[in-house]
Amino acid sequence: DTLTHLPDIASVESLFTAVAASLSPGGVFAATFRDYASTTLQGSDRFILVRADEQRILTCFLEYSDKTVHVHDVLHDRIGGMWKQRVSSYPKLRLALESVARSLAARGLVVRREAGLGGMVRVVAQR
């Protein structure tokens with residue numbers, strides 16, 4: 001999910017240019033990320049249970065803007081029989097699988113789109 005943590009689209013495009021320039025024939029670039037651009041979750045759907053077990057619950061809440069989604073992580077850890085809460089937040093880029101695939105293909109790479117785990121998408125580009 002690294003692509004969505006880059007600061008802006010120009011950084012993503014710069015990375016793709018560097019990837020295309022550095023791949024040898026047959027070389028592969030793969031990226032898995034959450035497609036925040038194709039669908040904007042509404043209401044309570046913006047709360048996502050990321051992971052849960054007897055000792056830890058991680059939930060995130062999404063706030064959308066035009067180019068980013070602000071992710072608020074709420075982590076509950078059971079420590080000594082008590083629940084402790086930690087909260088963090090950060091912006092992520094709203095990248096669509098199709099735009100990522102088009103950008104890589106425009107650089108001469110053969111691109112496959114795949115479903116990833118847990119609502120993620122994967123793009124695999126080969127020289």
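Scroll up a little and you will see the structure.
Summary of the structure given here. (Residues numbered from 1 in each chain as written. Predicted model: local features only at pLDDT ≥ 70, side-chain atom pairs only at ≥ 80, totals over all residues. Heavy atoms only, no water.)

## Comments concerning the overall build of the protein chain
No. 1: When its secondary structure is counted, the protein chain shows two helices and seven strands.
No. 2: Ordered by position from N to C terminus, the α and β elements of the protein chain give α-β-β-β-β-β-α-β-β.
No. 3: Counting the 127 residues in the protein chain, one finds 32% classified as buried.
No. 4: Pairs at least 24 apart in sequence give 50% of the contacts found in the protein chain among residues at least 6 apart.
No. 5: A distance of 3 Å separates the average location of the 16 positive side-chain charges in the protein chain from that of its 13 negative side-chain charges. (Helix = DSSP H or I, 4+ residues; strand = E, 2+ residues; numbered from the N terminus. Buried < 20%, exposed > 50% of the residue type's maximum accessible area, 1.4 Å probe, protein only. Contact = heavy atoms within 4.5 Å. Lys, Arg positive; Asp, Glu negative; His and termini not counted. Charge placed at Lys NZ, Arg CZ, Asp CG, Glu CD.)

## Some details on the sheet that holds strand 6 (residues 110-115)
No. 1: Here we have three strands laid out as an open sheet, ordered 1-7-6, and antiparallel in their pairing. The two strands at the open ends of the sheet, each matched to only one other strand, are strand 1 (28-33) and strand 6. Ignoring strand direction, the axes of neighbouring strands in this sheet form an average angle of 15°.
No. 2: On the sheet, helix 2 (residues 97-105) packs against strand 1, strand 6 and strand 7 (121-126) and is oriented at approximately 5° with respect to strand 7. (Pairing = 2+ DSSP bridges. Axes fitted to C-alpha atoms, helices over the stretch in contact; angles between N-to-C directions.)

## Observations concerning the sheet that holds strand 3 (residues 56-64)
No. 1: Strand order in the open sheet made by the four strands is 2-3-4-5, with antiparallel pairing throughout. Because the sheet does not close on itself, it has two edges, and the strands there are strand 2 (47-52) and strand 5 (82-93). Each adjacent strand pair in this sheet contributes to an overall mean axis angle of 20°, direction not counted.
No. 2: Here 12 bridges tie strand 4 (residues 68-79) to strand 5, and the two strands are oriented antiparallel to one another. Among the inter-strand pairings, Val74 is bridged to a residue of strand 5, identified as Val87.

## Side note on the side chain of Asp35
No. 1: For Asp35, the location among the structural elements is in the loop between strand 1 and strand 2.
No. 2: At 7.3 Å, Arg94 is the nearest oppositely charged side chain to Asp35, a buried residue that forms no salt bridge.
No. 3: Within the structure, Asp35 has its side chain in polar contact with the backbone nitrogen of Ala37 (distance 3.0 Å).
No. 4: Within the structure, the side chain of Asp35 is placed 3.2 Å from the backbone nitrogen of Leu97, a separation counted as a polar contact. (Salt bridge = Lys/Arg side-chain N within 4 Å of Asp/Glu carboxyl O. Polar contact = N/O pair within 3.5 Å; in protein donor to acceptor, adjacent residues only side chain to side chain.)

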